[in-house]
Amino acid sequence: MSRSARIVLLFSISVGLLPAALAGAQGFGANKEKVTLQRKLPALVHMPGDTIKVTVTSSEEDGTLPYDFQALLETELLKDDPNLRDDDNPSTQILCQITEYSHPDPVYVNKLGGGQAVGASNSPLSTLSKTASKIGATQRITGKLDVSFIAKDASGRVLISDNIDSTYDREFDSAGNSTSHGVFGQMTGTFSHVKGGAKSEDGPPTPSELRSRLIIDAVQQIAEHLVDTNESLEVLLARKDGPIEEGDKDAMTGLWERALETYETAPAFPKPDEDAYRLYDIGVAYEALAYQAEDQKAAMKYLDQAAINYGKAIDAKPDEKYFIEPQKRIETAIAHYKELQKEQDDAARAKAELAANPAGPAGAKGLTNAQVIMMIKSGIDESAVLQAIRGASAVNFDLTPAGQKALTAGGASPRILAEMKTQAAKKPPAVVHKGLSNTQIIAMVKSGMDEDTIIQAIHGANAIDFDLSPEGQQALTSGGVSARVVAAMKARSSKSPGPNTGHVAQK
């Protein structure tokens with residue numbers, strides 16, 4: 001056997017033995033343990049109405065890319081929100097521009113020992129590089145899809161806009177196993193999600209698979225902005241004999257509190273790059289508990305702890321490729337849960353205000369367009385808004401074409417508009433009586449009305465709104481009001497104060 005052939009044989013044997021050697025090491029191992037987490041994320045924006053239209057444009061040469069992207073985005077949005085439907089005259093327009101799409105051919109590199117390229121001119125295997133069927137070769141596969149999108153309501157008001165970046169960068173050995181480190185192996189956004197029963201593959205994707213993966217990832221990122229999403233996440237568990245393995249067993253059966261206790265009470269490994277995997281598993285446990293929590297504040301607390309431990313794991317071993325995606329995933333979840341908490345707080349505040357004063361703020365003439373829009377944007381569901389409209393003692397809706405357009409832009413659905421029209425036809429605006437005021441008394445005096453008639457009017461008024469502060473009384477005197485009339489005003493105020501006690505009371 002020639003010297004070159006012996007080198008190839010030895011190299012092949014060493015490559016075959018390497019996975020077995022790594023299997024028992026601290027880390028994720030050749031046979032990776034995975035758990036599935038179910039997470040629900042609230043939308044980052046409330047789309048008005050229930051109709052959408054998606055438009056996708058691109059300057060790329062792939063003429064089918066915009067069509068495929070549009071079809072998949074529409075499908076995803078309609079799947080996540082069954083109340084939505086496609087319409088040529090929509091309440092929300094979603095405009096997407098594909099700014100970059102690239103998927104270069106894989107790059108093959110033969111490496112020997114400490115990273116020496118087999119095909120290099122100074123390599124003893126240079127003459128065999130073309131005939132060895134890429135034995136020991138690694139292939140690096142990359143892809144990139146950038147999309148900018150903007151969502152507008154019917155009036156053209158921008159609801160949300162963002163730039164989406166979906167990238168793929170991995171290295172694989174000749175057996176199809178991922179050998180990526182550091183920035184390699186990244187898939188931005190939500191690529192690891194299990195969507196529609198599709199399986200997650202660690203092997204090198206074909207060009208068509210890579211194209212599909214990039215599109216799916218970008219579409220999912222956009223959908224998370226616009227609609228509530230329900231996702232199944234495949235998450236890896238780090239492996240190590242001892243307490244870590246025991247914790248993994250609990251995690252695999254969904255006993256996350258027990259797994260977390262095992263991970264946290266396990267002694268820290270002496271080397272930081274080894275203990276990084278224990279910290280990573282702690283982060284996974286906290287993330288799982290966050291998605292299981294029914295209380296949003298508890299979920300946020302768990303997510304914060306997950307982010308802290310994922311961050312510690314990255315600091316301890318920054319070159320571990322599998323630490324990167326979880327940190328990004330947690331950042332996305334925290335942003336969405338914060339938005340959900342804000343919506344819940346706004347909804348609770350709006351409901352409290354509505355319960356305390358169904359007709360709106362003081363002086364308002366019944367339920368108004370602005371109050372209806374406020375309820376919608378606070379996250380109150382449609383049925384509750386309809387109940388509030390039906391139960392209002394008075395309404396003062398602006399149902400002109402301009403008023404209806406503003407309502408639609410504010411998120412009012414056709415059902416809400418129809419109910420507003422029905423109630424407006426039934427209930428006239430409430431008449432607000434502000435009561436007899438200083439100005440009216442002065443007007444009576446200046447008109448020549450005698451004191452007795454003015455005093456009778458004061459005592460017989462259904463409501464009063466007198467300003468009897470020193471300044472108010474001075475203004476009355478300057479207006480010609482006699483001391484007898486002022487005394488009658490004070491007596492009337494003390495017996496039956498008007499609605500605005502700030503004016504009636506003497507200051």
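Predicted, not measured: the structure shown is a model, and the values here were computed from it.

Caption draft 1: The arrangement of the overall build of the protein in detail. Summing up its helical and strand segments, the protein has 17 helices and 13 strands in all. Looking at the protein as a whole, 43% of its 507 residues are labelled buried. Residue pairs in contact within the protein that sit at least 24 positions apart in sequence constitute 75% of those at least 6 positions apart. If you sum the accessible surface of the protein, you get close to 25500 Å²; carbon and sulfur atoms cover 53% of it.

Caption draft 2: Inspection of the packing of helix H11 (residues 401–409) against helix H12 (residues 414–426) at higher detail. Contact geometry for H11 and H12: axes closest at 10 Å, N-to-C directions at 140 degrees. Viewed along their axes, H11 and H12 adopt a mutual orientation that is oblique. Note that H11 runs across H12; the crossing there is right-handed. Contacts from Gln404, Leu407 and Thr408 in H11 reach Leu417, Met420 and Lys421 in H12.

Caption draft 3: Geometry of the nonpolar core. Phe28, Leu37, Trp256, Tyr263, Tyr280 and Leu303 are the most contacted members of the largest nonpolar core, which totals 41 residues. Among the secondary structure elements, those contributing two or more residues to this core are strand S1 (33–41), strand S11 (229–237), helix H4 (243–252), helix H5 (256–265), helix H6 (272–292), helix H7 (296–316) and helix H8 (324–356). Per-element accounting of this core gives the leading share, 12 residues, to H6. Apart from the residues within four sequence positions on either side, tyrosine 263 is in contact with Leu237, Ile244, Gly247, Asp248, Ala251, Arg278, Asp281, Ile282 and Ala285.

Caption draft 4: Local environment of the pattern of salt bridges. The tally for this structure, following the rule as stated, stands at 19 salt bridges. Arginine 211 is the partner of aspartate 68 in a salt bridge, and the nearest nitrogen-oxygen pair spans 3.0 Å. Taken together, the positions of aspartate 68 in helix H2 (residues 65–80) and arginine 211 in helix H3 (residues 207–226) put the pair 143 residues apart, joining distant regions of the chain. On the basis of relative accessibility, which here comes to 28%, the residue aspartate 68 falls in the partly exposed class. In this structure, aspartate 250 and arginine 258 form a salt bridge, with 3.8 Å as the shortest nitrogen-oxygen distance. Look at arginine 258 and you get partly exposed, because its relative accessible area is 48%.

Caption draft 5: Region of interest: the packing of aromatic side chains. A full pass over the atoms with the stated rule returns 4 aromatic pairs. Ring centres of tyrosine 277 and phenylalanine 323 lie 5.4 Å apart, and the angle between their planes is 55 degrees; on these two criteria the pair is classed as tilted. With a gap of 46 residues between them, tyrosine 277 in helix H6 and phenylalanine 323 in the loop between H7 and H8 connect regions that are remote in the sequence. Like tyrosine 277, the residue phenylalanine 323 is buried in the burial classification. An aromatic cluster of at least three residues, connected via ring pairs, comprises Tyr277, Tyr280, Tyr310 and Phe323.

Caption draft 6: Broad picture of the side chain of asparagine 438. Turning to its location among the elements, asparagine 438 is positioned in helix H13 (residues 438–446). In this structure asparagine 438 touches Asp465, Phe466, Asp467, Gly472, Leu476 and Met489, once residues within four positions along its chain are discounted.

Caption draft 7: Layout of the environment of serine 148. Mapping serine 148 onto the fold places it in strand S7 (residues 137–153). Sequence-wise, serine 148 and cysteine 96 are 52 residues apart; in three dimensions their C-alpha atoms are separated by 5.7 Å.

Caption draft 8: Representation of the pairing of strand S2 (residues 51–58). Taken together, the 2 bridges between S2 and strand S3 (residues 85–86) define a ladder with parallel strand orientation. Following the sheet pairing, isoleucine 52 is matched in S3 by aspartate 86. Relative to strand S4 (residues 92–102), S2 runs parallel, the two sharing 7 bridges. Note that in S4 the partner of lysine 53 across the bridge is glutamine 93.

Caption draft 9: Summary view of the environment of alanine 335. Of note, alanine 335 is situated in helix H8. Along the primary structure alanine 335 and leucine 41 are separated by 294 residues, whereas in three dimensions their C-alpha atoms are 9.4 Å apart.

Caption draft 10: Here's a closer look at the confidence of the model for the protein. Residues at a pLDDT of 70 or more form 75% of the protein, whose mean pLDDT is 77. The low-confidence segment residues 181–200, where pLDDT is below 50, has 60 contacts with residues more than four positions distant or belonging to other chains. Per-residue pLDDT stays below 50 along residues 359–364; that stretch engages in 10 contacts with residues further than four places along the chain or on separate chains.

Caption draft 11: How the structure looks around the environment of lysine 301. Relative to the helices and strands, lysine 301 is located in helix H7. Once the C-alpha coordinates of lysine 301 and isoleucine 334 are considered, the two residues, 33 residues apart in sequence, prove to be 9.7 Å apart.

Caption draft 12: Highlighting the packing of H6 against H7. Two numbers describe how H6 lies on H7: the axes approach to 7 Å, and their chain directions differ by 165 degrees. On the basis of the axis angle, H6 is roughly antiparallel to H7. Note on packing geometry: the crossing formed by H6 with H7 is left-handed. Its residues assigned to classes, the contact of H6 with H7 comprises 17 nonpolar, 3 polar and 3 charged.

Caption draft 13: Layout of the side chain of glutamate 325. Tracing the sequence through the fold places glutamate 325 in helix H8. Residue class for glutamate 325 comes out buried when judged on its relative accessible area of 18%. Side-chain polar atoms of glutamate 325 contact the side chain of arginine 329, separated by 2.6 Å.

Caption draft 14: Seen up close, H3. A rise of 1.5 Å per residue sets the reference length of H3, with its 20 residues, at 28 Å; its end C-alpha atoms lie 29 Å apart and thus fit the reference within 8%. Most of H3 is tucked away, with 15 of its 20 residues classed as buried.

Conventions adopted
All residue numbers refer to position in the chain's written sequence, counted from 1. At least 70 in pLDDT is required for a residue's local features to be given in this predicted model, at least 80 for side-chain atom pairs to be given and counted, and no such filter applies to totals for whole chains, interfaces and linings, which use all residues. Heavy atoms throughout the structure, all of them, feed into the side-chain values; hydrogens and water do not. Helix numbering and strand numbering both begin at the N terminus, where a helix is a DSSP run of H or I of at least 4 residues and a strand a DSSP run of E of at least 2. Exposure classes here rest on a 1.4 Å probe applied to the protein chains alone. A residue is buried below 20% of its type maximum, exposed above 50%, and partly exposed in between. Two residues qualify as a contact provided that any one of their heavy atoms is within 4.5 Å of a heavy atom in the partner residue. Per-residue and other accessible areas were derived by the Shrake-Rupley procedure at a 1.4 Å probe size, with only the shown protein chains allowed to occlude residues. Axes here mean lines fitted to C-alpha atoms, for a helix over just the part in contact, with angles spanning 0 to 180 degrees between N-to-C directions. Just so you know how the angles are binned, under 35 degrees is roughly parallel, over 145 roughly antiparallel, 65 to 115 roughly perpendicular, and the rest oblique. If you view the pair so one helix is near and one far, a crossing is left-handed when the near helix is turned anticlockwise from the far one by less than a right angle, and right-handed when it is turned clockwise. To form a nonpolar core, buried Ala, Val, Leu, Ile, Met, Phe, Trp, Tyr and Cys residues must be joined to one another through side-chain atoms within 4.5 Å. Salt bridges are defined as contacts in which a side-chain nitrogen from Lys or Arg sits within 4 Å of a carboxyl oxygen from Asp or Glu. Note on aromatic pairs: the rings of Phe, Tyr and Trp (six-membered ring only in Trp) are paired at centre separations within 6.5 Å, and the planes decide the class, stacked below 30 degrees, edge-to-face beyond 60, tilted for the rest. Strand pairing requires that DSSP identify at least two bridges connecting the strands. The quantity called pLDDT is the predictor's confidence in a given residue, expressed from 0 to 100. Gly is placed with the polar residues, together with every amino acid not listed as nonpolar (Ala, Val, Leu, Ile, Met, Phe, Trp, Tyr, Cys and Pro) or charged (Asp, Glu, Lys and Arg). In the analysis that follows, any N or O atom pair within 3.5 Å is treated as a polar contact, provided that within protein one partner can donate a hydrogen and the other can accept it, and provided that, for residues neighboring in sequence, both atoms belong to side chains. In this analysis, the expected span of each helix is defined as 1.5 Å times one less than the number of residues it contains.

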